[in-house]
Amino acid sequence: MQGHRDQVTDTAYEKRREEIAALSADVTLHGPIPVVEYIDWEHEVWRLACAALDARHRVDAAAEYLESAEALAIPLDHVPQLRDVSDRLTSISGFRLQSAATLVPLKEFCGSLANSVFRSTQYIRHPRAPLYSEDPDMLHDLVGHGNVLANDRFVRLYRLAGEAANRVESDEALQFIGKVFWFTLECGVVRERGERKAYGATLVSSYGELDHFRGAEFRPLSIESLVDVKYDITTYQPLLFEADSMNEVEDLVGSFWDTCDDDSIAALFSGASRSVGTRR
Ligand SMILES: [Fe+2]
């Protein structure tokens, strides 16, 4: 497994993922983050992906993403230890990271955010495709999410999403809060001096998404317009929501998460409260 990435078989890759996931089987929210001894092909995949993304970010990423990423300064030439990135993040913004064995259920994931903890994977994508990951790996979690969590505005938004998810009881409300998260903190686009720039984690951590996103259908960001929208996390996004500024994102989305509850979300679905979350 120390060899070049071309030599890693699917079986060896699966075994490696299971090994890394097993380290986090018993972690607690504020407990120590396991240390992973990363091997040659993992460092190589990290370097290749980070170099490609770094070049694209200068063109495609929103200014607040770039500033926050510069402050966190995740190494591009080797896989960092999650605990080192977490320590640096905590010293900048108060947010911290904790490892996750695999995808964390939505309620638990959001509950962690309310406690200023982002749950990150520690495994790296398949070496066959350094620029693509079909599910979130550590590169997605750190380059996409970690990089914005050094910014106070994003920290507020992540916390508010977590608090909203903790507040609701119905699955419908929880799923809708998750949908708002998807179209903003995962796939959000903002206009800067007339140009579309990505700030969502799924876009900024994916070379392919950055290549494709300007070809999507764009709609103005509003909470109510998300009610009837469906999405598929396994393909390039054909529909994205754009805001005129990050202030607008914070106004619309932050105030929705700050005040929503089961009743207000049920009202949105019934069409009885069409003024909730509309553009100001
Ligand atoms: Fe994500």
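Use the structure listed above.
Every value quoted in this text rests on a predicted model; they were computed, and no experiment measured them.

1. Regarding the overall build of the protein chain
Move 1: A tally of regular secondary structure across the protein chain gives 12 helices and six strands.
Move 2: Referenced to the eigenvectors of the C-alpha coordinate spread, the extents of the protein chain come out at roughly 60 × 40 × 35 Å.
Move 3: A sequence separation of at least 24 residues applies to 68% of the contacts in the protein chain between residues at least 6 apart.
Move 4: Surface accessibility of the protein chain: about 12300 Å² in total, with carbon and sulfur atoms responsible for 50%.
Move 5: Of note, the protein chain has its 29 positive side-chain charges centred 3 Å away from the centre of its 46 negative side-chain charges.

2. Some thoughts on the coordination of the iron ion
Move 1: Within the protein, His-140 (NE2), His-145 (NE2), Glu-186 (OE) and Glu-186 (OE) serve as the donor atoms for the iron ion, at 2.1 to 2.8 Å.
Move 2: Taken together, the four donor atoms coordinating the iron ion span angles of 51 to 144° at the metal, a pattern that classifies the geometry as irregular.
Move 3: The sequence motif formed by the donor residues of the iron ion is H-x4-H-x40-E. In this pair, His-140 is assigned in helix α6 (residues 138–145) and Glu-186 in helix α8 (residues 171–186), connecting sequence segments 46 residues apart.

3. Some remarks on helix α12 (residues 262–270)
Move 1: All of the buried residues along α12 are Ile-265, Ala-267 and Leu-268. The buried side chains of α12 occupy one side of the element, clustering within an arc of 155° when seen end-on. Across α12 from its buried face, at more than 90 degrees, point the exposed residues Asp-263 and Ser-270.
Move 2: Packing partners of the buried residues in α12 comprise α8 and α11 (246–259).
Move 3: Sitting at the head of α12, Asp-261 places a side-chain oxygen 3.1 Å from the backbone nitrogen of Asp-263.
Move 4: In the segment just after α12, Gly-271 is the residue with positive phi, at about 80°.

4. A look at helix α3 (residues 63–72)
Move 1: Where α3 is concerned, the buried positions are Glu-64, Tyr-65, Ser-68, Ala-69 and Leu-72. Projected down its long axis, α3 carries its buried residues within an arc of 130°, all on one side. Facing away from the buried side of α3 by more than 90 degrees, the exposed set consists of Glu-67 and Glu-70.
Move 2: Positioned one or two residues after α3, Ala-73 has a phi angle of 55°, which is positive.

5. Things to note about the pattern of salt bridges
Two side chains bearing opposite charge may form a pair once their charged atoms approach each other closely.
Move 1: Per the stated rule, a full pass over the model turns up 18 salt bridges.
Move 2: Residue Arg-58 pairs with Asp-54 through a salt bridge whose shortest N-O separation is 2.5 Å. Of this pair, Arg-58 and Asp-54 both sit in helix α2 (residues 40–60), four residues apart, roughly one helical turn.
Move 3: Residue class for Arg-58 comes out exposed when judged on its relative accessible area of 60%.
Move 4: Residue Asp-54 is classed as partly exposed on the basis of its relative accessible area of 27%.

6. A look at the environment of Pro-105
Move 1: Tracing the backbone shows Pro-105 in the loop between β1 (96–99) and α5 (106–114).
Move 2: In this structure the C-alpha to C-alpha distance between Pro-105 and Ala-61, which are 44 residues apart in sequence, comes to 28 Å.

7. Quick notes on unusual backbone geometry
Move 1: Of note in the backbone geometry, Ala-73 takes a positive phi value of approximately 55° without being a glycine.
Move 2: Relative to the helices and strands, Ala-73 resides in the loop between α3 and α4 (82–93).
Move 3: The backbone of Ser-116 sits at a positive phi, close to 60°, despite the residue not being glycine.

8. Notes on the side chain of Glu-209
Move 1: Checked against the element boundaries, Glu-209 lands in helix α10 (residues 207–212).
Move 2: Despite its burial, Glu-209 pairs with no opposite charge; the closest candidate is Arg-56, at 11 Å N-O.
Move 3: Excluding residues within four positions of it along the chain, Glu-209 makes contact with Thr-202, Leu-203, Thr-235, Tyr-236 and Gln-237.

9. Points about the side chain of Arg-17
Move 1: Locating Arg-17 in the fold gives a position in helix α1 (residues 10–23).
Move 2: The contacts of Arg-17, once residues within four sequence positions are left out, are Tyr-123 and Asp-135.

10. As for the environment of Asn-151
Move 1: In this structure, Asn-151 sits in the loop between α6 and α7 (152–167).
Move 2: On the basis of relative accessibility, which here comes to 12%, the residue Asn-151 falls in the buried class.
Move 3: A distance of 3.0 Å separates a polar atom in the side chain of Asn-151 from the backbone nitrogen of Phe-154.

11. Some words on the nonpolar core
In globular proteins that are soluble, nonpolar side chains generally tend to be buried together.
Move 1: Within the largest apolar cluster, 88 residues are counted, with the highest numbers of intra-cluster contacts made by Trp-46, Tyr-158, Phe-176, Phe-256 and Trp-257.
Move 2: Excluding residues that lie within four positions of it along the chain, Trp-257 makes contacts with Leu-157, Leu-160, Ala-161, Ala-164, Arg-167, Ile-177, Val-180, Phe-181, Thr-184 and Leu-185.

Procedures and definitions
- Residues numbered from 1 in each chain as written.
- Predicted model: local features only at pLDDT ≥ 70, side-chain atom pairs only at ≥ 80, totals over all residues.
- Heavy atoms only, no water.
- Helix = DSSP H or I, 4+ residues; strand = E, 2+ residues; numbered from the N terminus.
- Contact = heavy atoms within 4.5 Å.
- Areas by Shrake-Rupley, 256 points an atom, 1.4 Å probe, with all protein chains shown as cover.
- Lys, Arg positive; Asp, Glu negative; His and termini not counted.
- Charge placed at Lys NZ, Arg CZ, Asp CG, Glu CD.
- Donors = N, O, S within 2.8 Å, 3.2 Å for Na, K, Ca; no water.
- Tetrahedral: all angles 85-135°; square planar, octahedral: opposite > 155°, others 65-115°.
- Buried < 20%, exposed > 50% of the residue type's maximum accessible area, 1.4 Å probe, protein only.
- Arc of directions from axis to C-beta.
- Polar contact = N/O pair within 3.5 Å; in protein donor to acceptor, adjacent residues only side chain to side chain.
- Salt bridge = Lys/Arg side-chain N within 4 Å of Asp/Glu carboxyl O.
- Core = buried A, V, L, I, M, F, W, Y, C linked by side-chain atoms within 4.5 Å.

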